[in-house]
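Here's the letter readout for the chains.
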Amino acid sequence: MPRGIDKLTSLQTLSNFIVTKDNGFRISELGNLIHLGGKLCISGIENVVDPLDARGVCLNDKQGIDVLTMVWSSESLDDLRNEMVTEVLDILKPHKKLKELYIRGYHGMRFPTWTGDPLFSNMVCMKLQNCKNCTSLPPLGQLPSLKDLHIEGMSAVKRVGCEFYGQHCAKPFPLLETLCFENMSEWEDWYIFGIDKGVQTFTRVSKLSIKKCTKLVGTLPSNLPCLKTLEIINCPQLLVEASSLVLPSLTSLSMSDVRLPSLPVLLDTCNVLEPSSLTCLNIRNVSIPESLCNPSIHDEVMLANAMSKHLSSVTSLSIEMIQKLALLPKWLTQGLKGLKELKIDCCDELTTLWQNEAGLQPCLLALQRLEIRFCAQLVSLFEEDEDVENEGQHQLEYLTIDCCCKLKKLPRGLHNFTSLRRMDIGYCPGLVSFSEAGFPPSLKELRISKCEALRSLPGWTAHDSNLEELLITSCDDLESLREEWVHHPPTKLSFLVISDCKKLESVPSLCNNSLLPSLKHLVIESWPAGGGIVCSYILEKGNFLTNLTYLAIKNMKIGKPLSEWGLHRFSSLKTLSLQGPSNVSKESEEEEEEEEYYSEEEEEEEEEEYYSEEEEEEEEEEEYYSEEEEEYYSEEEEEEEYYSVSSFPVDGMLLPTSLTDLQICNFPNLEKISSSMETIQNLNRLSFTNCPRLTSFPEQGGLLPSLLELHISGCPRMKRRCKKGKGQYWPLIAPIPDAFII
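Values in this document were obtained by computation on a predicted structure and should not be read as measured data. Along every chain, residues carry numbers that run from 1 in the direction the sequence is written. Per-residue local features of the predicted model are confined to residues with pLDDT of at least 70, and side-chain atom pairs are confined, for both listing and counting, to 80 or more; whole-chain, interface and lining totals are unaffected and use all residues. Side-chain measures here rest on the full set of heavy atoms in the structure, leaving out hydrogens and waters.

1. Let's talk about the environment of Trp114
1) Next: Strands are runs of DSSP state E lasting at least two residues, helices are runs of H or I lasting at least four, and both sets are numbered from the N terminus onward. Secondary-structure assignment places Trp114 in the loop between β4 (100-104) and β5 (125-129).
2) Next: Sequence separation between Trp114 and Pro94 is 20 residues; the distance between their C-alpha atoms is 9.0 Å.
3) Next: In what follows, residue pairs with any heavy atoms lying within 4.5 Å of each other are defined as contacts. Beyond its immediate sequence surroundings of up to four residues, Trp114 is in contact with Met70, Leu89, Asp90, Leu92, Lys93, Pro94, Leu101 and Phe120.
4) Next: Pairs of N or O atoms are called polar contacts if they sit within 3.5 Å, as long as, within protein, a hydrogen donor faces a hydrogen acceptor (for residues adjacent in sequence, only side-chain-to-side-chain pairs). A distance of 3.1 Å separates a polar side-chain atom of Trp114 from the backbone oxygen of Leu89.

Set out below in structure tokens:
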């Protein structure tokens, strides 16, 4: 804020006024700004040392302010100042037309009476946050227009009683729609107004959220006819009754760390309730009674009927951290007939979704999305009879299984899931193979990663594959793709990533002219067995890759120098990423430590001697590293691999003129960027990472004027030459909008 802000008497907008200590900004300076309107935040109110200063603010006269925020710091104050804080807040009473009020970090033990004054008839939103010394809440039920109320971090409040509703208010909170309590660590009791008088409160509340109220006991308000969203998170003492779970208006229910009623109570309650409109149900770390996890056959039938009646509207179910759940009970799989989305996380005892007693049961046939993560005991999606193959109708479109270390198999009838569009399987080290029948032709995206035991991939059940995206990473034992990939290649493939598959042989279908024109994004990385052959073929057929816009070749042995790659043939290429072996990064770190040592010495010298010392240091470095580097890199230099070059682009190498992004990483011998770079007139982003010998930019012309981003990391010699204000190349990189040299 500028000094003398109180002189700007015509000022209409001031987002944040910060009260400071001593001779800084005093809160009274707001007094002259009578035209302020819209939103105003007053921060640092704890720095008001004299309540008389607050009188000069005259918030009551600033009728244009609609939203007012008042903030105190989190630092504790002594008792005398706490009393003064209450007086200051009382004086800072705003005008009666205020629409929204936010009070954060208030240190007083009580709120002034104006905070619940019914004359604030336009107040629609209020939030009280981290007012940790207040032992009770103001009479907010008296505010006639209040719609949104958030109370958070009121750690001294133990009881929400009559005072919250207003002593003489016949019908409190008449228009309230959203009520949220959060992080009320000492809150134990919630008095529900009107139970003994037959008066209904919260009749318009559509969202009720109670989070991190660990000592709250009892039950929720029983009469919430308009409730649509209910969130009960980390309230282990609070009992959630069945009547709260199946309210006719409820559409979204989230529960975590709460208690559920027993099976008899649940069944008795369900018999008298109307059908629910609940569509979204989230259950996390909930203590489900044993009778619900493993009910008797009779009770299970009754539960399934009850669920079918009251929860048939549920389309989305999320289950997380549920103990003793070995499989999904029938009352769930058969009762939730309209379920479209199922997410299961961190259920450590889950071994399968359901058991198969007489062929595949008609379970969850409406399901479209299934996600299972971190279920350590999961062996299969469901138990299958070896002699019966699932040929039922399935609507499943998306399947994700992640971090299920004991997963051994996927359904044998996977090829019958004719609506399946995307499948993600990751971090499943026990998965050996997929179904022999192959993938359904509807599959468009297949992503497989960290499945170390997987040895082969099946093909397709039809001649025409719709696969558009294929990602295979870190599958150490994957050796081959089935013959179907050769005879019926995925001709629509546009996104392909194969990385860290050490045993995978060449994929003939990737060396096929009918496939290449569809590719847009191609990454080949650490694929020693077959990647070199594929890379060579792709480089030769660059003229056919008219749609390729992204090409990354990382840690590969191509067998030919860069000048013969013919990258200029990729006429649509926008991003090119070339990366050498990852062990270069260690060498780069060692050099950077040495460079930091020299940099500290340089700071102690006179500025006019800077460049001469720089040259001497470089000579010392060359002598220091020469023997070690020659020994370390000799093998790479003998092989003449692309990452062993000393300049880039190399002589005779042409790059696509369409390039906008060039990334070079782990080139151990790279010393300079050659002037051939000037042919890429549209280059916007240039990146060099872990090139420890990189020393110079092009001698003529410098860097391209089109550059908007320059990233240099792990290049210690270049880092010093690009040092702000001092480095030799600082004048070249200073005009670049985003230059990161680290």
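2. Description of the packing of aromatic side chains
1) Next: The pairing test for Phe, Tyr and Trp rings, Trp by its six-membered ring, is centres within 6.5 Å, and the orientation test on the planes gives stacked under 30 degrees, edge-to-face over 60, and tilted for anything in between. Summed over all chains, the structure comprises 18 aromatic pairs.
2) Next: Here Phe181 and Trp187 contribute two aromatic rings whose centre-to-centre distance is 4.7 Å and whose plane-to-plane angle is 45°, an arrangement assigned as tilted. In this pair, the class of Phe181 matches that of Trp187, namely buried.
3) Next: By way of ring pairs, the aromatic residues Phe164, Tyr165, Phe173, Phe181, Trp187, Trp190, Tyr191 and Phe202 are connected into one cluster.
4) Next: Positioned over the ring face of Phe120 is Lys96, at 5.7 Å from the centre of the ring.
5) Next: The aromatic ring of Tyr398 is capped on one face by Arg369, whose charged end is 4.2 Å from the ring centroid. Under the scheme applied here, a residue whose accessible area is under 20% of the maximum for its type counts as buried, over 50% as exposed, and between as partly exposed, the area being computed with a 1.4 Å probe on protein chains only. The rule is short: NZ of Lys or CZ of Arg within 6 Å of the ring centre and within 35 degrees of the ring normal puts a charge over the ring.

3. Section: the pattern of salt bridges
Any two side chains of opposite charge can pair if their charged atoms end up close together.
1) Next: Basic side-chain nitrogens of Lys or Arg form a salt bridge, by our definition, when they fall within 4 Å of a carboxyl oxygen of Asp or Glu. As enumerated under the stated definition, the model contains 16 salt bridges in all.
2) Next: Measuring nitrogen to oxygen at the nearest pair gives 3.4 Å for the salt bridge that ties Arg284 to Glu320. Of this pair, Arg284 sits in strand β13 (residues 280-284) while Glu320 sits in strand β14 (residues 316-320), placing them 36 residues apart in sequence.
3) Next: Since its relative accessible area comes to 33%, Arg284 is described here as partly exposed.
4) Next: The exposure class assigned to Glu320 is partly exposed, which follows from its relative accessible area of 22%.
5) Next: Among the salt bridges present, the one from Arg447 reaches Glu469, with a minimum N-O distance of 2.6 Å. You can see Arg447 sitting in strand β19 (residues 445-449) and its partner Glu469 sitting in strand β21 (residues 469-473), a full 22 residues away along the chain.
6) Next: For Glu469, a relative accessible area of 21% corresponds to the partly exposed category.
7) Next: In this structure, a network of salt bridges that share partners links the residues Asp257, Arg284 and Glu320.

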